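The chain contents come next:
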Amino acid sequence: MVSIVFVFLFVNRLFYGIETSDEAFYNVTGYRLLQGNVPYGDMWELNAPDAYVMLPFLLLHKMIYGSMDGVFLFLRLSYIFLQIIGLCCVYLYAKKEINGKYAFLLGIAFWLHAPFNLYNFSYNNMLELFFTASICMMLLRFDYEQKKYEYLTGVFMGLAVLVYPSFIFGCFAIAAIIPMVIRSKKSLKFLIMYVVGGLTVAIPVLCHIAVTYGLQNVIHNLSIIMSSGSTAYIGENHLIKNIYDGITYLGAPFIVGGKAFVLYFITILILGFINKIRHIGKYFLALYPIICCYCCVLSGRYYLFPLAVCVVAPLVIEYSDNRMEMLKKVAIEWGSSMLIYFVIAFSSSGGASNACRSTMFAAIVTIKLIIEVIQNDFLLKFKKLIPYIPLTLFLFGLLIIFYSGMYRDNPYKELTTKVESGVYKGIYTTPQRKQHITDLENIMSRIEKKGETVMILYHSCYAYLMVDMVPKTPSSWGCFDYEAYGYDNQDLFMHYLSDRGNIPENIIIIDIPEQFDYAGQQVEKYMPYYPMLNQFIKDHYIYQGEYEEGLSGQVVTYELDKGTLEN
């Protein structure tokens, strides 16, 4: 009954909030593959291969609706079905040590969570999903010697690397953990099946990319991408800083939580060392998720909730009757689950602040360990009911966080207007934002040139889904955040356009109204950083017209003058 209520409330949340930068970028990546674009050929984002996971769902949407109308809501709801993989894997992993009902609720918790509160096919979400599935399969293999777990560990890790290529470092780390745990010849068999599983994912994708665009061309483009900078890639000059931030950011819950969180944490620590009252500390452990939720909501740092929960895991060792066995579990299970945090923190342009949002499985492992020490303590009253306390509070905390953090839209209570048509059909937002979306779609439908190629600038990637045109751009962002990460974007764009086949037939520049500028989407922010690109447009394109309607923002169109390319 509890799970049904939480599922209903979480699914209801998917109908609220319009975000025109990150979510649009993820969806457009899949749309580009649907339109024939190829990762590292036409698409120069490092994470472009994640489109292969989204593609079947986009094909289904196109079969049903025949257009991109309602695609945002459709993909949000579709991700529910993909996330079932995580629910099943977490349940199988957890029920080895705790009651099946508790394990199922932990699976529900993972099923309903999404980094950044964006429940869709983002590479962050899918990395967390496939990484969790891989670790669960690995942990199951440690207990049950079955080849299917060895193979599935590799398959899911292969998918994790597919959607987040820099996670190849995590792939190698898991390969190192396996022989450390299985100290026999069987570890070699596990590693072989692990590699075979990964290749099952990699080979078809690599073959499609190489055959479609040419292996030599892809290698050439990758060298440019890595030297210029791209989404989820961090240059060498930021690596040391990211490593430092990744380590120190583990203390963020204590800083954000303030005195209340620190005192509660210290209380759990002290009670764990006093045998006579240790069982009282277990009540504090059971209530721990609510103090995490309270501190995160109060500070406005809702994204820290999973990290705040999982940092208490080492303290659980003191509450176990078999501390050496619990130490081993924390080291292997919790340690493996935290791997995703360190890989993202060290390799991502977003650093530790992005990484902390992907610690959900580590939080689930922590709750599972807390339940283990609670359900085996005969001194506790209502022993069968107490494990439901951390589970219910954990789910309740996730629910509060999900509704509190409306990513780049107004608070939930202000989202009162339903979008009735277009790509955001079925989603509730503010009346003003609905008007902006509707007005912009009206313009895009008028200037659409079906089947022709288009580049949309700057940072207005959601507009790609509003026209039946083929994107032709190194990144559907239309730009990168030049100042924040030091990307050599001019070099990237001009390299891309140096290939005649990459020059779009049309260029559309959209100037988002300031009131909807949630991610620096205004032209004046980016244009100064692209003098070479602007000059290229001036030299090779013909001005077609300027459009503005209501709250649409200014839309300027250009058409390629093919004659200028001959000179």
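You'll find the structure just up there.
Residues numbered from 1 in each chain as written. Predicted model: local features only at pLDDT ≥ 70, side-chain atom pairs only at ≥ 80, totals over all residues. Heavy atoms only, no water.

K.L.:
Break down helix α13 (residues 278–299) for me, with residues and values.
P.N.:
If you check α13, its first and last C-alpha atoms are 31 Å apart, about what 22 residues at 1.5 Å a residue would give, namely 32 Å. Maximal helix bending in α13 amounts to about 45°, located at Leu287; proline Pro289 follows within four positions. Of the residues making up α13, those classed as buried are Arg278, Gly281, Lys282, Leu285, Ala286, Tyr288, Pro289, Ile291, Cys292, Cys293, Cys295 and Cys296. Looking at the buried residues of α13, the elements they touch are α12 (252–271), α14 (305–310), α15 (323–337), α18 (360–375) and α19 (388–404). (Helix = DSSP H or I, 4+ residues; strand = E, 2+ residues; numbered from the N terminus. Expected span 1.5 Å × (residues − 1). Bend = angle between axes of the 7 residues up to and from the residue. Buried < 20%, exposed > 50% of the residue type's maximum accessible area, 1.4 Å probe, protein only. Contact = heavy atoms within 4.5 Å.)

K.L.:
Kindly report on unusual backbone geometry, identifying the contributing residues and their values.
P.N.:
Despite not being glycine, Tyr40 shows a phi value in the positive range, around 65°. Not every positive phi belongs to a glycine, and Arg408 is a case in point at roughly 55°. Within the element layout of this structure, Arg408 appears in the loop between α19 and β1 (417–418).

K.L.:
If you had to explain the packing of α13 against α19 to someone new, which residues and values would you point to?
P.N.:
As a packed pair, α13 and α19 sit with axes 7 Å apart at the nearest point and diverge in direction by 15°. As the angle between them shows, α13 and α19 are arranged roughly parallel. α13 and α19 meet at a crossing whose hand is left-handed. On the side of α13, the interface is formed by Ala286, Leu287, Pro289, Ile290, Cys293, Cys296 and Val297, while α19 contributes Ile389, Pro390, Leu393, Phe394, Phe396, Gly397, Ile400, Ile401 and Ser404. A breakdown of the residues in the contact of α13 with α19 according to their chemical character gives 14 nonpolar, two polar and no charged. (Axes fitted to C-alpha atoms, helices over the stretch in contact; angles between N-to-C directions. Parallel < 35°, antiparallel > 145°, perpendicular 65-115°, else oblique. Left-handed = near helix turned anticlockwise from the far one by under 90°. Nonpolar A, V, L, I, M, F, W, Y, C, P; charged D, E, K, R; others polar.)

K.L.:
Describe the pairing of strand β7 (residues 554–560), and please don't skip the residues or the numbers.
P.N.:
Two strands pair when backbone bridges link them, and strand β5 (residues 506–511) and β7 are joined in this way by six bridges, in the antiparallel orientation. Within β7, the residue paired with Ile509 across the bridge is Val556. Relative to β7, strand β6 (residues 541–547) runs antiparallel, the two being bridged by six bridges. By the bridge assignment, Ile542 is partnered in β7 with Glu559. Between the end of β6 and the start of β7, which pair antiparallel, lie six residues, with Gly550 showing a positive phi angle near 60°. (Pairing = 2+ DSSP bridges.)

K.L.:
Talk me through the sheet that holds strand β3 (residues 453–457); I want residue IDs and the actual numbers.
P.N.:
The mixed open sheet is built from five strands, whose spatial order is β4-β3-β5-β7-β6. A single partner strand is all that each edge strand has here, and the edge strands are β4 (470–471) and β6. With two bridges connecting them, β3 and β4 associate as parallel partners. Considered in β4, the bridge of Thr453 is made with Val470.

Everything listed here is a matter of coordinates, which is why it stays silent on function.
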